[in-house]
Amino acid sequence: MPTFRLEPLQKDSPNWRRSWHHDVCLIVSDSEAHARERAAAIFDQVARPEQGGEPLVNPWTEPELVRVTISDVTPDHMSTGMIALPDGLGGWQIRGRGGDGTEIAS
C-alpha cells in the first residue's frame, strides 16, 4: 500500500483554521481520497467563519490547499491507519493504530 505525502499550500487561507496541524504529513492508504479523508478526520477542529464569511471547509480535502503525492519514504513500523508528523529533527513521529492492532505514539 502506498504512503501518501500531504503538503499544505496557501497557508493564508482562512480554511486552515479548521485544522490543528498545518504542516506536511504522511499517511499509508489505498488511495489519495482516503488519505485526504483520514487527514481531515484527524486534524479537524471547530472554527467559525469571519463575520459574513463563507463557511469554512476542511483544508485537507481541498486540492488547491493540499498537494498529495506518493512518498518515497515510509517510516519504520508505519502501517495502514497510522499517520506520521514531522518530529522537528528531520524525522517522523508516528501516531495511531495500525491495521494489525499495533499502536504507536512515538
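Everything below is about the structure printed above this text.
*Asks:* In this structure, what is going on with the overall build of the protein? I would like to understand it.
*Replies:* Looking only at helices and strands, the protein has 1 helix and 6 strands in total. Helices and strands in the protein line up, N terminus first, as β-β-α-β-β-β-β. On C-alpha atoms alone, the protein measures out to a radius of gyration of 14 Å, which is about the 13 Å that the 2.2 N^0.38 rule sets for 106 residues. When the backbone C-alpha atoms are referred to their principal axes, the protein occupies close to 45 × 25 × 25 Å. Per-residue burial over the protein gives 37% buried out of 106 residues.

*Asks:* In this structure, what is going on with the environment of M1? I would like to understand it.
*Replies:* Looking at the secondary structure, you find M1 in the segment before β1 (3–8). Using a relative accessible area of 64% as the deciding quantity, one classes M1 as exposed. Note: C-alpha distance between M1 and S31 (30 residues apart in sequence) is 8.7 Å. Ignoring sequence-local partners within four residues, the contact set of M1 consists of V28, S29, D30 and T80.

Thresholds applied
- The residue count restarts for each chain, going from 1 along the sequence in the order it is written.
- Selection of residues for local features in this predicted model requires a pLDDT of at least 70, selection of side-chain atom pairs for listing and counting requires 80 or more, and totals for whole chains, interfaces and linings are taken over all residues.
- The side-chain quantities take in all heavy atoms of the structure and omit both hydrogens and water.
- Here a strand is any run of E in DSSP of at least two residues, a helix any run of H or I of at least four, and the numbering for each starts at the N terminus.
- It is over C-alpha atoms that the radius of gyration is taken, and the globule rule equals 2.2 Å times the number of residues to the power 0.38.
- Note on exposure labels: buried denotes an accessible area under 20% of the residue type's maximum, exposed denotes more than 50%, and partly exposed covers the range between, all computed with a 1.4 Å probe on protein chains only.
- The contact rule is simple, with two residues in contact once any of their heavy atoms fall within 4.5 Å.

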